Amino acid sequence: MTSLTSTETATLERAADAPMLAQVERWAAINSGTGNLVGLKNVAGQLADAFASLPGDIRLITPDPIESVDAAGQIRTTQRGDHLHLRVRPEAPVQLLFTGHMDTVFAVDHPFQSLQWREPGVLNGPGTADMKAGISVILAALTALEASPLANRVGYDVMINSDEETGSHASAALIAELAKGKTAALTYEPALPDGTLAGARPGSGNFSVIVHGLSAHAGRNPDDGRNALLAAADLALRLSALKSPALKVNPAKIDGGSPNNVVPDQAILRVNMRPSTPEAMIEAEAALRAAVAAVSRDHDVHCHIHGNFNRPPKPLDAAATRLFELVRDCGAALGLPPIRWNATGGVCDGNNIAACGIPVVDTMGPRGGAIHSSDEFLIVDSLAERAQLSALAITRIAERGTV
């Protein structure tokens, strides 16, 4: 380590000494797939107990109800788990936001449920990297901060939501509320195995287009029908043709159809769109609506669009670049390999925070890989490494009063 003050060194030692591995093993042993409300309640309770060691007010927040379209074309309300929120020193001159998520992509009946050591120092298990390890790093870094003489200069909100893996629909309003007025934000998605951070991110929108046609006998009078399945397929092709360097489009699924002797009167097209810039997002939504209107006209069907761009694009502006550079310099002071950042096609809560005008680095979690698969792994040595990186970044923001 180089270029560290005595205050920084003491803070870093406390961050590295936190019992992060034991926390990860305990929290990752509980299934908390986004739809598993029982498991999420269990994890939320354990997290509330752990974060209660910090000062401030801690609470579990009821999620916003969300709507989705089922395979029959009906709009259903879905309930998500409670979100954890901790607020500390809202009157302090420097205000930071720390976010993570307690949910995983692994449902309660998914076969990937247990932890095992792939090799010494590499822990395989659901949510180990994505991102119960990241939550442990948040707690370690903030616990170390609280023992620092700089603590009173920093106030912060910690938000751990229950629905990040499905788009944070039930927590987006909470994220926007907590981001207001913050100096900076850190989000604890895992870094890549070599420590590379995610830089710019595209936006993401998920849409369900319900197509209403008209049934008819496939042999006697097919021309009297309006084939909703055919219209949905045509729409999928038209949307796929919108792909460009600034826009990724993935028509993912068509629900619907009928017996072979009936012209299908309903279909639902599911599509994901990922624009790389705010301008591309506006153009993509207009193009989607234009394609739907054209298909409605050409096939004489009625279409209803459900969904939105729930993750705005996250370009790297000047303030965000300064925050990345601060994290890079902290890594150099710790003697870490050079920290770099690259654009990525993935999205996360960092998108939502950046859309509020707040600089954010959203891959401050430990190093790991193969996330969203049964091969997911955590590099255990990076727990202390990333806790120290966060603690040093927080300390230096507190010293400067800005990024």
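Residues numbered from 1 in each chain as written. Predicted model: local features only at pLDDT ≥ 70, side-chain atom pairs only at ≥ 80, totals over all residues. Heavy atoms only, no water.

**Notes on the layout of surface pockets**
Taken as a whole, the largest pocket encloses approximately 580 Å³ of empty space. Of all the secondary-structure elements, those providing two or more residues to the lining of the largest pocket are strand E10 (190-191), strand E11 (197-198), strand E12 (204-212), strand E14 (266-275), strand E15 (302-311) and strand E18 (365-369). Considering only residue class, the lining of the largest pocket consists of ten nonpolar, 14 polar and seven charged. Taken as a whole, the second largest pocket holds about 430 Å³ of empty space. Forming the walls of the second largest pocket are 20 residues, and the residues nearest its centre are Glu67, Ser68, His169, Asn206 and His306. (1 Å grid on protein atoms, 1.4 Å probe; cavity = no way out; pocket = protein on both sides within 12 Å on 5 of 7 lines; lining within 4 Å. Points joined across faces, edges and corners; volume = space filled by probe spheres on them. Helix = DSSP H or I, 4+ residues; strand = E, 2+ residues; numbered from the N terminus. Nonpolar A, V, L, I, M, F, W, Y, C, P; charged D, E, K, R; others polar.)

**Notes on the side chain of Glu385**
By the element assignment, Glu385 lies in helix H10 (residues 381-400). Beyond its immediate chain neighbours, meaning those up to four positions away, Glu385 contacts Leu336 and Arg367. (Contact = heavy atoms within 4.5 Å.)

**Some words on the sheet that holds E10**
The strands that make up a sheet are held in pairs by hydrogen bonds between backbone atoms, and each pair lies either parallel or antiparallel. Spatially, five strands are ordered E6-E7-E19-E18-E10 in an open sheet, and the strand pairing comes out mixed. Two strands bound the open sheet, and with one partner strand each, they are strand E6 (116-119) and E10. Bridge analysis of E6 against strand E7 (residues 122-124) gives three bridges, and the strand direction is antiparallel. Of the residues in E7, the one forming a bridge with Gln116 is Asn124. Across the face of the sheet, H10 comes into contact with E10, E18 and strand E19 (377-379) while running at roughly 145° to E18. (Pairing = 2+ DSSP bridges. Axes fitted to C-alpha atoms, helices over the stretch in contact; angles between N-to-C directions.)

**Considerations on the pattern of salt bridges**
By the definition in use, this model includes 19 salt bridges. The residue Arg76 makes a salt bridge to Asp70 at a minimum N-O spacing of 2.8 Å. For Arg76, a relative accessible area of 46% gives the class partly exposed. Here Asp70 falls in the partly exposed class, since its relative accessible area comes to 21%. The partner of Arg270 in a salt bridge is Asp255, with the nearest N and O atoms 2.8 Å apart. Taken together, the residues span a long stretch of sequence, with Arg270 in strand E14 and Asp255 in strand E13 (residues 247-256) at a distance of 15 residues. Looking at Arg270, the relative accessible area reads 17%, which means it is buried. (Salt bridge = Lys/Arg side-chain N within 4 Å of Asp/Glu carboxyl O. Buried < 20%, exposed > 50% of the residue type's maximum accessible area, 1.4 Å probe, protein only.)

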